[in-house]
Amino acid sequence: MQISISQQDHVTIVAVAGSIDALTADTLVTALLDEVAAGRTRLVAHFGAVEYTSSAGLRVLLSTLKEARQRGGDLRIADIRPNVRQVLELSGFTSILKCFADVDSAVASFANMGGNK
Amino acid sequence: MSRAGNGIALVIGSGGVKCAAAIGLQRCLARESINIDLVVGCSGGSIYAAAIALGKNAEEAAALSTALWTRDVTAQPDRAALMRMLFPKLLGFTERFGLKKDHVVWERLMTAFGELTFADCKIPLFITATDFRTGEQVTISEGRIADAVRASIAIPFAFAPWEVNGRLCIDGFLSDPLPVGVAIREGAQVIIAMGFESPYQERVTSGGRFAFQLSSIMTNNLLKASFAFHGLAHHSEVIAVIPQFSQRIRLFDTGKIPLLIDEGDAAMGEQLPYLRRLLAAVPA
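## Concerning the nonpolar core
Then, in step 1: A50, I191 and A193 of chain B are the most contacted members of the largest nonpolar core, which totals 119 residues.
Then, in step 2: Those residues in contact with A193 of chain B, other than ones at most four positions away along the chain, are V11, L178, V180, V238, I239, A240 and V241 of chain B.

Below, the structure is given as structure tokens:
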């Protein structure tokens, strides 16, 4: 799994490539929670290159989501592949997470959000 | 992550004849020499869970499926039951209600499993049903396998509830269509969960189809809610195998069993790269 982090319009974009699973979850959750701890609580996870996610991957998303929202931010997901979307839908994540077709739309969605950046 | 305890569990959810996809999953795992340590089955999935637990290979399970699961299983209406439904006070309605005669399905189950019990299984087997009186999930792990399967496939309105170990049971899908929780409770580490969404009606043109549509809506939402909870609650890994069939599959499309097996094999194959990496990283 590869992770790259960038900023766009006061939003942190975490681009993930590869598989999010029990073998990689710790690396990703550390990267995401480090961003939140540093005050960068508006997060977009770019999933365009995520090939697979398992239940361990879902737990990463949930813990990051809760931490970001507790600090006034949010985690939003962009550019999800069909097989990954199927897992998110089956496990109910699409009902609690905001999902977008692309990164620009996800970043733009934060424009109406007040509070911390 | 350690593989102490019950290692790899396979959970096969409800789905009528679609559950034959589990034979393909079994074939895929056998090709990779990946052994299952315990198996859980619900409703239609209970037939294949039992076959796997008894040590039947994919060919034997396919033959069992073709012989057991034919349209005449539900072909004979129980007109007396229908009359009791229409005139309950006059004729005496009871909770052992089903609109189809169940002697054919019972004969088929006895042909398939006879007097075999859970004690005859090569690996631990758990079959889930639902307590008709309380709605609780019932996990059956002792007694005759045929009784457990019959209880687990007691499709509401079609087959009458079935008594097992003193509890009147109805179809397992009513409490959890994909009972991953049983595998978690039994100490499984890696859980392979094969589940099936219930199909929605193309057209609702009768009371029966209306009821099926309501059932699908409730079942699919229960499937998602339950799977979400178990996926987040499990300390280790739940690998979902949800076949996306290339054709519409109806409840008794037994002619499509070869297709179902191939698609189950392919769906498991998609998960293999990760499963291989996971098992390689985890000492047995």
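Anyway, onward from the coordinates.
## So, the sheet that holds strand β2 (residues 11-20) of chain A
Residue and element names in this part refer to chain A.
Then, in step 1: In space, the five strands of this open sheet follow the order β1-β2-β3-β4-β5, with mixed pairing throughout. The open sheet terminates on both sides in strands that have one partner only, identified here as β1 (2-8) and β5 (98-100). Along the sheet, successive strands turn relative to each other by an average axial angle of 25°, direction set aside.
Then, in step 2: Judged from the three bridges that link them, strand β4 (residues 74-78) and β5 form a sheet pairing that is parallel. Residue pairing for β5: A78 is matched across the bridge by F100.
Then, in step 3: Set on the sheet, helix α1 (residues 25-37) makes contact with β1, β2 and β3 (42-53); between it and β2 the angle comes to about 180°.

## Some details on the interface of chain B and chain A
How big an interface is tends to be stated in terms of the accessible area lost upon association of its parts.
Then, in step 1: At the junction of the two partners, chain B supplies 18 residues and chain A supplies 16 residues.
Then, in step 2: No other element matches the six residues that helix α9 (residues 207-233) of chain B contributes to the side of chain B that touches chain A.
Then, in step 3: Looking at the side of chain B that touches chain A residue by residue, the classes come out as twelve nonpolar, three polar and three charged.

## Re the confidence of the model for chain A
Then, in step 1: For chain A, mean pLDDT is 93; residues scoring 70 or higher make up 97% of the total.
Then, in step 2: The lowest-confidence element of chain A is helix α3 (residues 82-90) of chain A, averaging 92 in pLDDT; the highest-confidence one is β4 of chain A, averaging 97.

## Notes on the pairing of β3 of chain A
Residues and elements named next belong to chain A.
Then, in step 1: In terms of residue burial, β3 counts as a mostly covered element, since nine of its twelve residues are buried.
Then, in step 2: Both β2 and β3 contribute to a ladder of eight bridges, which runs parallel. Each residue of the ladder has a partner; that of S19, found in β3, is Y52.
Then, in step 3: This β-α-β element, β2 to α1 to β3, shows right-handed connectivity.
Then, in step 4: One ladder, built from five bridges, connects β3 with β4; its direction is parallel. Looking at the pairing, H46 lines up with A78 of β4.

Thresholds, definitions, all that
Residues numbered from 1 in each chain as written. Chains lettered and ligands numbered in written order. Predicted model: local features only at pLDDT ≥ 70, side-chain atom pairs only at ≥ 80, totals over all residues. Core = buried A, V, L, I, M, F, W, Y, C linked by C-beta atoms within 7 Å. Buried ≥ 20, exposed ≤ 12 C-beta atoms within 10 Å, placed from the backbone. Contact = placed C-beta atoms within 7 Å. Pairing = 2+ DSSP bridges. Helix = DSSP H or I, 4+ residues; strand = E, 2+ residues; numbered from the N terminus. Axes fitted to C-alpha atoms, helices over the stretch in contact; angles between N-to-C directions. Nonpolar A, V, L, I, M, F, W, Y, C, P; charged D, E, K, R; others polar. pLDDT = per-residue confidence, 0-100. Right-handed = clockwise from strand over helix to strand, strands pointing away.

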